[in-house]
There are 4 protein chains.
Amino acid sequence: MQPEKRRKKSLKQRLVLKSSLAKETLSEFLGTFIMIVLGCGSVAQAVLSRGHFGGIVTTNVGFAMSVVMAIYATGGVSGGHINPAVSFAMCLFGRMKWFKLPFYVGAQFLGAFVGAATLFGIYYDGLMSFAGGKLLIVGENATAQIFATYPSPYLSLENAFADQVVATMFLLMLVFAIFDSRNLGVPKGLEPIVIGLLIIVISSSLGLNSGCAMNPARDLSPRLFTALAGWGFEVFTTGKNFWWIPVVGPLVGAAIGGLVYVLIIEIHHPDPDLEAEPPEDKPEKCELSVIM
Amino acid sequence: MQPEKRRKKSLKQRLVLKSSLAKETLSEFLGTFIMIVLGCGSVAQAVLSRGHFGGIVTTNVGFAMSVVMAIYATGGVSGGHINPAVSFAMCLFGRMKWFKLPFYVGAQFLGAFVGAATLFGIYYDGLMSFAGGKLLIVGENATAQIFATYPSPYLSLENAFADQVVATMFLLMLVFAIFDSRNLGVPKGLEPIVIGLLIIVISSSLGLNSGCAMNPARDLSPRLFTALAGWGFEVFTTGKNFWWIPVVGPLVGAAIGGLVYVLIIEIHHPDPDLEAEPPEDKPEKCELSVIM
Amino acid sequence: MQPEKRRKKSLKQRLVLKSSLAKETLSEFLGTFIMIVLGCGSVAQAVLSRGHFGGIVTTNVGFAMSVVMAIYATGGVSGGHINPAVSFAMCLFGRMKWFKLPFYVGAQFLGAFVGAATLFGIYYDGLMSFAGGKLLIVGENATAQIFATYPSPYLSLENAFADQVVATMFLLMLVFAIFDSRNLGVPKGLEPIVIGLLIIVISSSLGLNSGCAMNPARDLSPRLFTALAGWGFEVFTTGKNFWWIPVVGPLVGAAIGGLVYVLIIEIHHPDPDLEAEPPEDKPEKCELSVIM
Amino acid sequence: MQPEKRRKKSLKQRLVLKSSLAKETLSEFLGTFIMIVLGCGSVAQAVLSRGHFGGIVTTNVGFAMSVVMAIYATGGVSGGHINPAVSFAMCLFGRMKWFKLPFYVGAQFLGAFVGAATLFGIYYDGLMSFAGGKLLIVGENATAQIFATYPSPYLSLENAFADQVVATMFLLMLVFAIFDSRNLGVPKGLEPIVIGLLIIVISSSLGLNSGCAMNPARDLSPRLFTALAGWGFEVFTTGKNFWWIPVVGPLVGAAIGGLVYVLIIEIHHPDPDLEAEPPEDKPEKCELSVIM
């Protein structure tokens, strides 16, 4: 049995990733995939049932809980960013190394694309029967908004940009608060739930202008998928070329949101290094540096 | 008093089950019973009130919370599977012994049948008055969908099968994540709540095609009950003999879902056995190894 | 200062109740008062706004959360029963001494009556303007259902009685599960939240027949208040003298619910007294016995 | 590098507030700002979409969760009052020093004003297009109720005042209960969530009369902003000069609510100082005193 056990072990070990970065990349791929299938799926159910089996409550709660599930599935491995704007802010404020950023972001865009394709498959019959086989971007039979966000008719591009900046600012400001153990302190293991509640409130309050994407991967990858899958490249030009706003706006908003939280709250916390000054004689406490 | 106390004790002990398997079988019976009465009950209230006292929000939340309650009632005894697809996946991935499977599954099917009968009793007057004493399967006065799931008109059998596979894949993938203590880690005792949130999001996003059964016992037993109780055996033939899809699809999906989670996340966790080997020279630090 | 401090202390001490039973009685009064104002208030808002500012979701969630709040306000003092059926079951299964029962039940009935009167005051203008100054029991301008429950038109008395028995059976069965620390185990301090979720699911699934009172004090005291406040004593005769069913049914159901949980789950837990006896030869490992 | 590091440190230190009161003032400003943007934003989304993307559920949940987020962002620094009535009650019952009150209240009023202005900016295009460029206070195209509360048509001033007193009484009574560790005890770090549930139930049950402000800063500052921003000073005279009721009523209600909780529950808790004195002769049993 000993040799067989060893062979079995080596088989498993061939599958095991040794590189931490490879694990994290795979994890971000899975997390973004989960968020898109379940999150955009909530929109799909509301749209395709013409409101009979879904509405603002189920889409807001559904998208928020899809993020909760994605973070529970990946948070212990890669932190559960599932959002290039979050990863960018983490790098900007020294919570992640910059060299990891392209891997995280690439995995997020890829996961979102595969998620959109999976959702398209699950609802293939529904999408085909909804508008007599047509895949439309505007009008009452439109289905493109299942995958990507589109602006309200009243919205100017300036207001749209401000909207994405401010919404993502609130997202990051409060994500920083939720993980700030020197503030009130969300109990360990419940941070994903509180982030879910955060997404519920943001999408209930700042979702009307343009659907509250706050995430370049969540918006651009499914939009690209719809362009290729039959809705056509008008998904990019619709709404005065709106497509770049949920890509660029969140990056700006994430930087501002992190900065606001750091400047108003975090920087003023009593410094544990200064108060803990004497312990320079016991340097073995390095294992306490488990930040998250 | 001493002899009487002894007699009392032996009376109680005659009722106490010594066999762990017997306890677990009884527990799975109770759990599935609870889920069906309260879960299908949520659908009953929405259908029988023609939407006045229930809708997509109350049925999604009601079914999810019925699962939460079933797990709190049985989780400490039998793990609270209440789903043959879950028990199957637990066996497949070495989390339960195979010989227990028929007992678990049998109890689940029986509990679901008794639950359906109980619900029929509670809403007997309501069911009788709803369609002038008729028990219908299709049309606006249909009530069979209170008990079992039926496909949307647009749905092909292929898409229906894929739907049940993918939905149950997400269910198991995330159940594995929720109980994976080396990932982010749901706090002990709150796993049922997070599973409830998971069911809310899946039924909000993947429920439109065919009601998102994801559970052979939840679907087949109540369907059999309706066949016997007056709806007739058309409950099996309706929807191109749809009945077998929520039975077989979940088993396939559960296997895939577990596999995806294990291959993408679980297998790559740092192996505590390998890392715990060397520190035999500093054994006092063992209590610091509680990382999360 | 010393004498003044002493005088102050004795003033405070004159207010402090020394008797534990007096504290508990006062606590149950407050808890039931909170539940009625906020719980029946949720119904009032839905009825008086004719559905514009409330509906099945807000009444179910509102009533459930009113119970959550009542338990947080009183649970540490009196256990937060706020329901004679719960207190009765607690006595029946040895969790409370029988001599306390009349005090608990009296406080609950009184608290519910004062709560109904308070709610009447808060919504006095709304009630007066709703039906041109009339306080009605039936019809589309009825407001009596804000305070007490009434049966659906289709419901026979037999079915109504079974409904209250079964609903309260589920309530107690799951309350016993939630507080059973040898089962899965709700984290300390979160039991009220899980009870709130339980009430959401029961009122979503078993609320259609007759409003799911499950509590003699919650139903009878506000009904008596409405009889005296202007709705008239038809509140007792309406629905074939329905009034006694939410009084007697819950007592029967509570006894059955507790019994079912004890017989199917609790009695079979491994007995810690019996198992803890032998390990006297290896006492150092005791701290490892935290199983779950 | 040493000098540069020092310079950097001193740069950071120049930004760091040394005064605890300054930190707390800034924190209350931020918290109230968050609550108004996200809370009033939930109302904005419901109003501006004419109910298509919001309603009573999203506004109640959105406002409640905006409070949850505000408390998570500020609770560890300033306690997360974000409400002059709460700060007033904290002073009144010896939980905060009186000299801090004007700083807290000033920050709250200012934060609410800036929050209202920010929300106005985010929804500028929506507000402009909603009523053809007009900013109205009454009628079906009114938008002033996004920012401040207005009474129901049926409501007398006496009832309105009683409404704000009683609603805030319940708010403070239960906030005191939630933070009373000698009662049932909300787990550390979850108090904001339970406060969110409390706000959901109060706004579901006592919100119909006049929108349930319960907070002078939440109501008066946004009202002043609308007066200046184009709605005109009729925002103060509308509803028989209703504006002062959500300012004065909450202060009265907060005092009563705190008093009720203290008199009925808190004062009767066993005094740990008195009970902890004698047990010096039996110190081994101390670890058994964890009662609940």
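Values in this document were obtained by computation on a predicted structure and should not be read as measured data.

Helix and strand counts for chain A stand at 12 helices and zero strands. Start at the N end of chain A and walk to the C end: the helices and strands fall as α-α-α-α-α-α-α-α-α-α-α-α. Buried residues in chain A amount to 59% of all 292 residues. Within chain A, contacts between residues at least 6 apart in sequence are counted, and of these 77% link residues at least 24 apart. A total accessible area of about 11,800 Å² is found for chain A, and carbon and sulfur atoms account for 65% of it.

Residue and element names in this part refer to chain B. Following both chains from N to C, one finds helix H4 (residues 84-92) and helix H11 (residues 245-264) inclined at 40 degrees, their axes separated by 9 Å at the closest point. Crossing geometry of H4 relative to H11 is assigned as right-handed. Along the contact surface, H4 presents Pro 84, Ala 85, Phe 88, Ala 89 and Leu 92, while H11 presents Pro 250, Leu 251, Ala 254 and Ala 255. In terms of residue class, the contact of H4 with H11 is built from nine nonpolar, no polar and no charged.

Contacts between the two partners involve 43 residues from chain C and, on the opposite side, 48 residues from chain B. Summed over both sides, the interface between chain C and chain B buries roughly 3,800 Å², with carbon and sulfur atoms accounting for 75% of that surface. Where chain C touches chain B, the interface holds zero salt bridges. Taken together, chain C and chain B are joined by 11 residue pairs in polar contact (both at pLDDT 80 or more). Of all the secondary-structure elements, those providing two or more residues to the side of chain C that touches chain B are helix H3 (56-78), helix H7 (157-178), helix H8 (191-205) and helix H11 (245-264) of chain C. Among the elements that line the side of chain C that touches chain B, the one with the most residues is H8(C), at nine residues. Among the residues making up the side of chain C that touches chain B, the classes are represented as 31 nonpolar, 11 polar and one charged.

Attention now goes to the packing of helix H3 (residues 56-78) of chain A against helix H8 (residues 191-205) of chain A. Residues and elements named next belong to chain A. Between H3 and H8, the shortest axis-to-axis distance is 8 Å and the interhelical angle comes to 155 degrees. The pairing of H3 with H8 is recorded here as roughly antiparallel in orientation. The crossing of H3 and H8 is right-handed. Facing Asn 60, Val 61, Ala 64, Met 65, Val 67, Val 68, Ile 71 and Tyr 72 of H3, the residues of H8 in contact are Pro 192, Ile 193, Ile 195, Gly 196, Ile 199, Ile 200, Ser 203 and Ser 204. In terms of residue class, the contact of H3 with H8 is made up of 12 nonpolar, four polar and no charged.

Here we come to the environment of A:Ser27. Tracing the backbone shows A:Ser27 in helix H2 (residues 20-48). Once the C-alpha coordinates of A:Ser27 and A:Ile82 are considered, the two residues, 55 residues apart in sequence, prove to be 9.1 Å apart. Setting aside residues no more than four positions away along its own chain, A:Ser27 makes contact with A:Thr74, A:Val77, A:Ser78 and B:Ile265.

So, about the relation of the copies chain C and chain B. Between the two copies, chain C and chain B, the superposition gives an RMSD of 0.0 Å; the rotation angle is 90 degrees and the shift along the axis is 0.0 Å. Seen this way, the second copy is the image of the first under a four-fold rotation axis. Relative to the rotation axis, the closest C-alpha in chain C is found at C:Val57, a distance of 5.3 Å. Both copies present different contact surfaces, since only 5% of the interface residues of chain C are interface residues in chain B too.

Contacts between the two partners involve 51 residues from chain A, matched on the other side by 45 residues from chain B. Of the roughly 4,000 Å² buried where chain A meets chain B, counting both sides, 75% is carbon and sulfur surface. Our enumeration of links across chain A and chain B arrives at zero salt bridges. Our count for the contact surface shared by chain A and chain B stands at 12 residue pairs in polar contact (both at pLDDT 80 or more). Sort the elements by how many residues they give to the side of chain A that touches chain B and H3(A) lands first, with 14 residues. Each residue belonging to the side of chain A that touches chain B can be placed in one class, and the counts come to 27 nonpolar, 18 polar and six charged.

Here the focus is the packing of aromatic side chains. Residues and elements named next belong to chain C. Overall, the coordinates contain 48 aromatic pairs over all chains when judged by the stated rule. Note on Phe 120 and Trp 231: the rings are 5.9 Å apart at their centroids and 70 degrees apart in plane angle, and the pair reads as edge-to-face. With Phe 120 in helix H5 (residues 101-122) and Trp 231 in helix H9 (residues 216-231), the pair connects residues that are 111 residues apart, well separated along the chain. Looking at Phe 120, the relative accessible area reads 12%, which means it is buried. Residues Phe 161 and Trp 244 carry aromatic rings whose centres are separated by 5.8 Å and whose planes lie at 35 degrees to one another, so their mutual orientation is tilted. With Phe 161 in helix H7 and Trp 244 in the loop between helix H10 (234-241) and H11, this pair connects stretches of sequence that are 83 residues apart.

Let us now look at a nonpolar patch on the surface. Taken together, A:Trp243, A:Trp244, A:Val248, A:Val252 and A:Ile256 make up a surface patch of nonpolar side chains, about 360 Å² in accessible area. When you line up the elements, A:Trp243 lands in the loop between helix H10 (234-241) and helix H11 (245-264).

Charged atoms that come close allow side chains of opposite charge to pair. What the rule picks out here adds up to 12 salt bridges over all chains. Among the salt bridges present, the one from A:Lys100 reaches A:Glu24, with a minimum N-O distance of 3.0 Å. Remark: A:Glu24 occurs in helix H2 and A:Lys100 occurs in the loop between helix H4 (84-92) and helix H5 (101-122); sequence separation between them is 76 residues. A:Glu24 carries the same exposure label as A:Lys100, and that label is buried. Note that B:Arg95 and B:Glu266 form a salt bridge whose closest N and O atoms lie 2.8 Å from each other.

Assignment of secondary structure puts B:Ser221 in helix H9 (residues 216-231). For B:Ser221, a relative accessible area of 6% gives the class buried.

What follows deals with helix H9 (residues 216-231) of chain A. Residue and element names in this part refer to chain A. With 16 residues, H9 should cover 22 Å at 1.5 Å per step; its first-to-last C-alpha distance of 20 Å lies more than 12% under that length. Of all 16 residues that make up H9, 12 are buried, and the element is covered over most of its length. Regarding H9, its N-cap is Asn 215, as a side-chain oxygen of that residue lies 3.0 Å from the backbone nitrogen of Ala 217 further along. Of the residues flanking the end of H9, it is Gly 232, one or two places downstream, whose phi is positive at about 90 degrees.

Quick look at the environment of D:Glu24 now. Residue and element names in this part refer to chain D. By relative accessible area, which is 7% here, Glu 24 ends up buried. Taking the C-alpha atoms as reference points, Glu 24 and Ser 78, 54 residues apart in sequence, are found 4.6 Å from one another. For Glu 24, the residues in contact, after removing those within four places along its chain, are Val 77, Ser 78, Lys 100 and Tyr 104.

Low pLDDT means the predicted atomic positions in that stretch should not be read closely. Residue and element names in this part refer to chain A. On average, residues of chain A score 90 in pLDDT, and 89% of them reach the 70 mark or higher. Here residues 275-292 is modelled with pLDDT under 50, and outside its nearest four sequence neighbours on either side it reaches six contacts, counting other chains as well. Across the assembled chains, the prediction reports ipTM 0.90 with pTM 0.91.

With 352 residues, the main nonpolar core has A:Phe170, B:Phe170, C:Phe170 and D:Phe170 as its most contacted residues. When sequence neighbours within four positions are dropped, the list of residues in contact with C:Phe170 reads B:Phe33, B:Ile34, B:Val37, B:Leu38, C:Ile202 and C:Leu206.

So, on to the side chain of C:Ser87. Residue and element names in this part refer to chain C. Inspection of the secondary structure assignment puts Ser 87 in helix H4 (residues 84-92). At a separation of 3.1 Å, a polar atom in the side chain of Ser 87 contacts the side chain of Gln 108. Once residues within four sequence positions are removed from consideration, Ser 87 is found in contact with His 81, Met 96, Leu 101, Tyr 104 and Gln 108.

Another point: the UniProt feature "transmembrane region" (unreviewed entry) in chain A. Sites flagged by UniProt as "transmembrane region" (unreviewed entry) map to residues 29-48, 60-82, 103-124, 160-178, 190-208 and 242-264 of chain A. What you have in residues 190-208 of chain A is 79% helix and 0% strand, and the ends, taken at the C-alpha atoms, are 28 Å apart.

All names here are of chain D. Take Ile 146: it is sitting in the loop between helix H6 (124-130) and helix H7 (157-178). A relative accessible area of 1% places Ile 146 in the buried class. Separated by 26 residues in the primary sequence, Ile 146 and Phe 120 place their C-alpha atoms 9.8 Å from one another.

This part is about the state of the cysteines. Defined simply, a disulfide is a covalent bond joining two cysteines at their sulfur atoms. Residue and element names in this part refer to chain A. Considering all chains together, one arrives at zero disulfides over all chains under this definition. Summary of cysteine pairing: Cys 212 is not part of a disulfide, and the nearest cysteine sulfur, belonging to Cys 40, is at 13 Å. For Cys 212, a relative accessible area of 8% corresponds to the buried category.

If you check the backbone angles, A:Lys240 has positive phi at about 55 degrees while not being a glycine. Tracing the backbone shows A:Lys240 in helix H10. In this model, C:Asn241 sits at a positive phi of 55 degrees, which is unusual for a non-glycine residue. In this structure, C:Asn241 sits in helix H10.

Cut-offs and rules
- Residues numbered from 1 in each chain as written.
- Chains lettered and ligands numbered in written order.
- Predicted model: local features only at pLDDT ≥ 70, side-chain atom pairs only at ≥ 80, totals over all residues.
- Heavy atoms only, no water.
- Helix = DSSP H or I, 4+ residues; strand = E, 2+ residues; numbered from the N terminus.
- Buried < 20%, exposed > 50% of the residue type's maximum accessible area, 1.4 Å probe, protein only.
- Contact = heavy atoms within 4.5 Å.
- Areas by Shrake-Rupley, 256 points an atom, 1.4 Å probe, with all protein chains shown as cover.
- Axes fitted to C-alpha atoms, helices over the stretch in contact; angles between N-to-C directions.
- Left-handed = near helix turned anticlockwise from the far one by under 90°.
- Nonpolar A, V, L, I, M, F, W, Y, C, P; charged D, E, K, R; others polar.
- Buried area = accessible area lost by both parts, 1.4 Å probe.
- Salt bridge = Lys/Arg side-chain N within 4 Å of Asp/Glu carboxyl O.
- Polar contact = N/O pair within 3.5 Å; in protein donor to acceptor, adjacent residues only side chain to side chain.
- Parallel < 35°, antiparallel > 145°, perpendicular 65-115°, else oblique.
- Least-squares fit on C-alpha atoms with pLDDT ≥ 70 in both.
- Phe/Tyr/Trp six-rings, centres within 6.5 Å; stacked < 30°, edge-to-face > 60°.
- Patch = residues over 30% accessible without salt bridge, like charges linked within 9 Å, V, L, I, M, F, W, Y side chains within 5 Å.
- Expected span 1.5 Å × (residues − 1).
- pLDDT = per-residue confidence, 0-100.
- Core = buried A, V, L, I, M, F, W, Y, C linked by side-chain atoms within 4.5 Å.
- UniProt positions renumbered as here; feature names shortened; annotations may be inferred.
- Disulfide = S-S within 2.5 Å.

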